[in-house]
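# Residue-level structure breakdown
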Amino acid sequence: MSIFSRFTLKSLSRNRTRTVVSIMGVALSVALITAVLTSVVSLSRMLIERTAADEGWWYGELADVTPESFDALMDEPGITSWTSISDLGTVSLGDENSSLFGSYLYAKTWPTAQDEAEPLLVAPELVAGRAPEAPGEIVLPHYLQNVELAPCGLSAEDKTIGIGSTVTLDLGTRTVQNLDDGTTYTATSYNGSYVDEATQRESFAADLGQITGTVVGFYRSYGVSSTIALQGNSAYVFDDGSALERVVSDGSEATWASVLFRTEDPAAAEQIVDSISNASSSTGGSVHSSLIRWMGATPDTAIWNTLYQIAAILAAVVVIAGVSLVYNSFAISVAERTRQFGLLSSLGASRRQLRRTVLTEALLIGAAGIPAGLVLGLAGCFVVFGLLREGLIAFTGSTTATVAVSPAALAVAAALGMVTLLVSAWIPAIRASRVSAVDAIRQTQDVRLSRTALRAQRRAARRAGKHGQTYRRSLGIAGRLFGVPGFIAHKNLSRSSSKGRVTVAALAVSVALLITSGSIADVMSYASDTAVNTMEGQDLVLYIDATGAGADQTLALADGKVDGEGMQRALARYYADASALEDAHPNGYSTSYVADMIVPARMLDDDITGLDGSANVHSDGTWYGSAYVYFVDDATWRAYVDELGLSEDAFCDTARPLAIAVNSYTTNDGETYASWKPFKDTGTVEFLEFTDLDGRFIASIEDGPDGTLQALYYDDRGEAHYLPYDEAVAREDAVEVGALADHAPVCVDPSGTLQLILPASAIALSANTGYLHASLSFDTGGNAARAAELEDELKGIAADYPELDFTYTNIAEGKLQARLMATTVNTFIYCFAIITGLIAVTNVFNTLANALMLRRREFAMLKSVGMGNRAFRRMIAYECASYALRGFAIGFVLALLASYGFYQAMMLSYSTYEFQLPVVQIAVSLVVVLAVIVVSVVYALRKSQSENIVEALRADAI
């Protein structure tokens with residue numbers, strides 16, 4: 001071992017606290033990187049396996065292949081495996097069967113045997129029997145099991161179709177003719193089966209022969225698939241290996257084949273599909289985007305762009321945190337050993353040897369910190385995945401939640417940790433090698449007046465010399481306010497001290513980390529809470545109709561209206577019976593209507609135009625649009641009024657009903673989320689009933705040419721017509737909105753459309769509105785099994801209410817998954833926040849405590865010339881306050897930049913997300929930093945004061 005290695009080991013041993021804190025910092029940084037990478041790999045693998053289990057391992061698909069396109073695919077060097085599905089023709093089920101079973105079946109080949117571990121294609125789910133294993137075996141859709149069909153293209157010898165039945169499929173061609181120009185095309189499951197009877201006519205010819213075989217199974221048919229090949233309801237037959245060649249070369253447009261393939265590089269599948277499809281006019285294709293998305297492909301959707309931008313910011317935060325912590329550690333280490341390096345230089349050590357000393361120290365710290373970080377990161381992943389197992393399963397749709405230990409991810413984490421160490425140590429190493437021996441031994445390298453201070457001092461000396469005076473240094477503002485301790489502290493701060501800069505930088509990064517980690521927690525909580533609507537308190541929902549097929553129509557009136565008062569009486573009786581059930585916790589009931597209404601300008605906020613289906617505001621400031629009006633039972637209404645702190649006398653007066661408008665909405669256009677508050681004040685709205693226009697409907701209320709309102713409607717030919725407002729509106733009902741609320745009662749479903757809440761006693765106001773339905777919900781504490789039992793009990797009660805039609809929705813299971821998903825996301829984010837917070841605290845403690853301990857000789861000298869403890873504490877307090885203020889200001893700016901980056905990322909998916917100063921995070925960071933400063937100072941001073949003054953003054957660096 002060289003003398004420099006022994007010197008490094010001795011230095012690390014003598015400064016145990018700094019060494020341990022440095023190792024902790026490296027370990028935390030590597031642990032965070034390891035946890036992030038391992039979590040991403042694990043979640044991606046879970047999503048990949050779940051998607052592949054449901055849809056197969058295929059990457060690309062070519063549909064309606066031709067001999068040329070098939071050959072082109074086989075010539076692609078990146079293809080690793082492929083399989084095909086052949087469509088052999090169409091089977092007509094006839095008009096008599098079409099109402100129950102559809103008009104057609106498509107005869108296709110059953111997916112052939114594939115790799116058991118990673119099959120390219122998942123075969124349809126069998127509900128009875130088995131898959132076809134030999135020629136002459138057929139699998140049919142589940143809805144044909146034990147069915148006797150009217151004569152059609154599918155015939156059975158035993159009439160009733162079951163396992164073992166011998167059936168014959170008459171294969172043919174389905175032709176569609178466009179009536180406007182007489183052109184025709186062949187309809188298949190590939191190009192779509194919808195026919196517009198007004199503009200098209202179809203015919204069928206059984207011209208492709210027959211297939212006779214034995215039914216060996218029935219599969220669950222949903223009519224949709226992730227592949228083009230399996231689209232449509234089909235009859236599957238065994239493929240002896242010749243089907244692909246036959247359908248590709250037979251010349252019939254009614255037969256076609258789809259080839260699904262896998263490539264070495266998942267990203268290459270799209271380029272292969274595009275190039276072959278573009279070269280062939282008939283061949284189309286698709287990419288398995290739901291699978292390769294989790295393999296690294298980036299879908300072009302706003303929500304994923306948001307997530308990737310946030311991930312990029314998080315990665316930057318992790319890197320900056322790690323570099324800052326490790327760099328500060330080495331900067332302090334080099335500053336502490338300035339005299340050591342000077343003495344070594346005077347004894348003949350080269351710059352290269354001095355640099356190697358610092359880098360050796362980095363490698364030794366890394367040898368301890370990096371493995372510890374890897375173990376800590378993996379252990380954290382196992383703990384978090386274990387605690388959040390159910391949430392992760394709900395989030396990914398997988399059957400298990402396991403940590404995928406990826407050697408590549410661990411190698412990347414270790415490499416990033418080592419690169420961080422070496423980069424952080426390189427600059428201090430260069431600085432150590434450039435210190436001259438004389439300056440290092442005299443310790444003047446890091447203690448010099450700044451250029452500004454030197455220029456000010458020279459100007460003051462020149463002014464004094466011009467007036468024949470002796471230049472005397474002023475105490476300055478700090479000296480006049482805080483005395484000699486303040487003066488000394490100010491001079492210490494005004495010197496060009498690398499230790500001071502490192503301390504301020506450490507504080508700035510720590511403040512930025514604390515604020516940013518809190519901000520990302522708030523941002524992701526907002527995202528998950530907005531995107532995941534758990535419908536708290538509603539586990540079983542009943543939708544009740546008086547005009548549906550299951551009702552006896554005694555409450556139904558003309559034009560789709562209902563007897564409102566009669567409906568309320570029936571609901572009240574049913575609700576009383578349902579409430580008497582054991583363990584039934586009803587949330588009240590509501591009857592919903594849709595109203596066309598005019599809202600005055602004084603009530604409106606600009607957000608009104610953001611609601612679902614909302615129109616623009618008129619030139620006079622009013623707004624016309626539709627609103628959902630809910631009449632809730634009186635008990636729920638009184639509880640709602642009391643919850644909002646409103647006057648029961650005012651809002652429960654049946655003679656003068658007041659409405660409550662919901663003033664908080666979340667909308668989603670399929671890609672972005674938005675939150676709106678459409679009202680700024682209460683007021684009176686007008687419910688409108690339009691004039692009878694012989695069955696035509698008013699489409700909207702708009703501004704007329706003369707500035708007044710007019711109504712738009714369309715005639716039978718689709719031409720637009722306008723009526724003056726007064727002629728179009730037959731009746732107006734004034735409804736006073738007495739209060740605004742940020743939520744609706746539990747029995748009212750959330751909506752992106754304006755909602756007004758009224759008591760059931762005000763049902764007369766529904767006279768000129770359109771009836772929708774009634775709803776009733778029950779809370780079973782999230783117990784899906786109890787919700788199912790309750791549904792059976794309620795069906796028994798419903799038999800006594802023939803005037804009502806009931807539909808039941810058990811949403812307890814979906815709610816559980818939504819809550820688990822939100823909890824999972826939030827837990828990951830808060831774990832990230834905690835770790836970055838620990839890194840920040842470690843950074844401050846390590847930097848400030850060691851910076852103060854480096855000044856042992858300076859402190860001993862001040863005490864030797866008579867500075868008392870009180871004055872000493874005032875000096876330290878002044879310096880720390882300066883560090884804190886400067887560090888906090890710089891960190892605040894850095895955190896604002898990161899927060900603004902989060903805001904820009906969120907705006908891609910949450911269009912109404914507002915940028916706000918992270919006030920809570922700023923306050924927390926301030927408290928934490930001040931607390932850590934106090935602890936660091938107390939620790940450092942106690943360590944410094946434990947030494948004898950004479951020994952401290954005599955202390956050499958070696």
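Since the model is a prediction, treat every value here as computed from it, not as a measurement.

## Some remarks on the nonpolar core
Of all hydrophobic cores here, the largest spans 72 residues; its most connected members are Leu542, Tyr574 and Leu794. The contacts of Leu794, once residues within four sequence positions are left out, are Leu540, Leu542, Tyr574, Ala578, Leu581, Phe778 and Tyr808.

## Describing the sheet that holds strand S25 (residues 709–714)
Spatial strand order, S24-S25-S26: 3 strands in an open sheet with antiparallel pairing. Lying at the two open borders of the sheet, with one neighbouring strand each, are strand S24 (698–703) and strand S26 (720–724). Averaged over all adjacent pairs, the angle separating strand axes in this sheet is 30°, with direction ignored. Relative to S26, S25 runs antiparallel, the two sharing 5 bridges. In the strand pairing of S26, Tyr714 is matched with Ala720.

## Considering helix H10 (residues 351–387)
Residues lying three or four places apart along an α-helix face the same way, a consequence of the helix completing one turn every 3.6 residues. The end-to-end C-alpha distance of H10, which contains 37 residues, comes to 52 Å, matching closely the 54 Å that a straight helix rising 1.5 Å per residue would cover. At Gly366, H10 shows its largest bend, some 30°.

## As for the pattern of salt bridges
Under the criterion given, the structure shown has 13 salt bridges. With a closest N to O distance of 2.7 Å, Arg174 and Glu202 form a salt bridge. With Arg174 in strand S10 (residues 173–178) and Glu202 in strand S12 (residues 200–205), the pair connects residues that are 28 residues apart, well separated along the chain. Lys795 is the salt-bridge partner of Glu791, the closest N and O atoms lying 3.3 Å from each other. Taken together, the positions of Glu791 and Lys795, both in helix H21 (residues 784–798) and 4 residues apart, correspond to about one turn of that helix. When its relative accessible area of 17% is taken as the criterion, Glu791 is described as buried. Connected through shared salt-bridge partners, Arg130, Glu133 and Glu137 make up one network.

## Observations concerning the side chain of Ser775
Within the fold, Ser775 resides in strand S29 (residues 770–778). A relative accessible area of 6% places Ser775 in the buried class. The contacts of Ser775, once residues within four sequence positions are left out, are Leu542, Tyr543, Gly588, Tyr589, Ser590 and Cys747.

## Side note on H21
Taking 1.5 Å as the rise per residue, H21 with 15 residues should run 21 Å; its terminal C-alpha atoms sit 21 Å apart, in good agreement. Ala784, Arg786, Ala787, Leu790, Glu791, Leu794, Ile797 and Ala798 are the residues of H21 that are buried. The buried residues of H21 occupy one face: seen down the axis, they fall within an arc of 145°.

## Looking at a nonpolar patch on the surface
On the surface, a cluster of nonpolar side chains totalling about 360 Å² of accessible area is made up of Ile890, Val893, Leu894 and Leu897. Relative to the elements of secondary structure, Val893 occurs in helix H24 (residues 869–907).

## Description of the sheet that holds S10
The strands that make up a sheet are held in pairs by hydrogen bonds between backbone atoms, and each pair lies either parallel or antiparallel. Taking strand neighbours across the sheet as the criterion, the 3 strands line up as S11-S10-S12 in an open arrangement whose pairing is antiparallel. A single partner strand is all that each edge strand has here, and the edge strands are strand S11 (184–186) and S12. Recorded for the sheet is a direction-independent mean angle of 25° between the axes of neighbouring strands. Direction of pairing for S10 relative to S11: antiparallel, over a ladder of 3 bridges. Looking across to S11, one finds that Thr175 is bridged to Thr186.

What counts, and at which threshold
- Residues numbered from 1 in each chain as written.
- Predicted model: local features only at pLDDT ≥ 70, side-chain atom pairs only at ≥ 80, totals over all residues.
- Heavy atoms only, no water.
- Core = buried A, V, L, I, M, F, W, Y, C linked by side-chain atoms within 4.5 Å.
- Buried < 20%, exposed > 50% of the residue type's maximum accessible area, 1.4 Å probe, protein only.
- Contact = heavy atoms within 4.5 Å.
- Pairing = 2+ DSSP bridges.
- Helix = DSSP H or I, 4+ residues; strand = E, 2+ residues; numbered from the N terminus.
- Axes fitted to C-alpha atoms, helices over the stretch in contact; angles between N-to-C directions.
- Expected span 1.5 Å × (residues − 1).
- Bend = angle between axes of the 7 residues up to and from the residue.
- Salt bridge = Lys/Arg side-chain N within 4 Å of Asp/Glu carboxyl O.
- Arc of directions from axis to C-beta.
- Patch = residues over 30% accessible without salt bridge, like charges linked within 9 Å, V, L, I, M, F, W, Y side chains within 5 Å.
- Areas by Shrake-Rupley, 256 points an atom, 1.4 Å probe, with all protein chains shown as cover.

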